[in-house]
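Below, each chain spelled out in residue letters.
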Amino acid sequence: MKMANYILSILRTQSMIVFSWGFHQPTTITDGLKFKVQGFKYRGWVVVTYNHGADLFDITLTDLSGGVVQEIEGVYFDELVGIIDDVVERTHDYQNRVKSEYSLL
């Protein structure tokens, strides 16, 4: 529970970015946190676990059925939001996609 809260506190430091992922259903897991996202690039589960041996975080993207889509190992706490943003949300034409997405509303 403590590690999940710590990861949430890291994510909250950049809450606008985190909420742009469609962040929802945060769930405590052993040594970490998992949550669902609905980004431009990826929709599914993001699993963040603390790697005790390296004193770093590992990120695993899984589809809704639990199949591994991508694994990223050795992430420093201050890079966590940026790396997740790169694989979930940020695209080369991000600004244009945001404008076109919200012009339809």
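You'll find the structure just up there.
All residue numbers refer to positions counted from 1 along the written sequence of the respective chain. Confidence filtering applies because this is a predicted model: local features only for residues at pLDDT of at least 70, side-chain atom pairs given and counted only at 80 or more, and all residues used for totals across whole chains, interfaces and linings. Note that the side-chain values use all heavy atoms of the structure and ignore hydrogens as well as water.

(A) Spotlight on the sheet that holds strand S3 (residues 43-51). The pairing criterion is simple: DSSP has to find at least two bridges between the two strands. Only DSSP runs of H or I reaching four residues or more are called helices, and only runs of E reaching two or more are called strands; each is numbered from the N terminus. Across the sheet, which stays open at both edges, the five strands sit in the order S1-S2-S3-S4-S5 with antiparallel pairing between neighbours. Of all the strands in the sheet, the pair left with one neighbour each is strand S1 (24-29) and strand S5 (68-75). Averaged over all pairs of adjacent strands, the angle between strand axes in this sheet comes to 20°, irrespective of strand direction. Bridging between S1 and strand S2 (residues 32-38) involves four bridges; their strand directions are antiparallel. Within the sheet, the bridge partner assigned to histidine 24 lies in S2 and is lysine 36. Whether two residues touch is decided by their heavy atoms; if any such pair falls within 4.5 Å, the residues are in contact. The axes are straight lines fitted to the C-alpha atoms, using for helices just the contacting stretch, and the angles between their N-to-C directions are given from 0 to 180°. Across the sheet, helix H1 (residues 2-12) is in contact with S1, S2, S3 and strand S4 (56-62); its angle to S2 comes to roughly 45°.

(B) Examining H1 more closely. Buried residues are those whose accessible area, probed at 1.4 Å on protein chains only, stays under 20% of the maximum for their type, while exposed residues exceed 50% and partly exposed ones sit between those limits. Of all the residues in H1, the buried ones are Ala4, Ile7, Leu8, Ile10 and Leu11. One side of H1 holds all its buried residues, which, seen down the axis, span an arc of 155°. Within H1, the exposed residues directed more than 90 degrees away from the buried face are Lys2 and Arg12. Those residues of H1 hidden inside the fold are in contact with helix H2 (15-20), S1, S2, S3, S4 and helix H3 (80-88). Arc, as used here, means the arc of the directions from the helix axis to the C-beta atoms.

(C) Focus on the packing of H1 against H3. Orientation of H1 relative to H3, taken along the N-to-C sense of each, is 75°, at an axis distance of 9 Å. Classified by the angle their axes make, H1 and H3 are roughly perpendicular. Between H1 and H3, the contacting residues are Ile7, Ile10 and Leu11 on the first element and Leu80, Val81 and Ile84 on the second. Here is the rule for angles: anything less than 35 degrees is roughly parallel, anything more than 145 is roughly antiparallel, 65 through 115 is roughly perpendicular, and the remaining ranges are oblique.

(D) Fine view of unusual backbone geometry. Look at glutamine 25: it is not a glycine, yet its phi comes out positive at around 55°. Assignment of secondary structure puts glutamine 25 in strand S1. Of note in the backbone geometry, aspartate 55 takes a positive phi value of approximately 60° without being a glycine. Counting through the fold element by element, aspartate 55 comes out in the loop between S3 and S4. For aspartate 55, a relative accessible area of 52% puts it in the exposed group.

(E) Inspection of the pairing of S3 at higher detail. Relative to S3, S2 runs antiparallel, the two being bridged by seven bridges. Bridge pairing links glutamine 38 to arginine 43 in S3. From the end of S2 to the start of S3, which pair antiparallel, there are four residues. In this sheet, S4 lies alongside S3 in antiparallel orientation, the contact comprising seven bridges. Across the sheet, the residue bridging to asparagine 51 is leucine 56, located in S4. The turn linking S3 back onto S4 is made up of four residues, and aspartate 55 within it adopts a positive phi angle of 60°.

That's the geometry; what it means functionally is another story.
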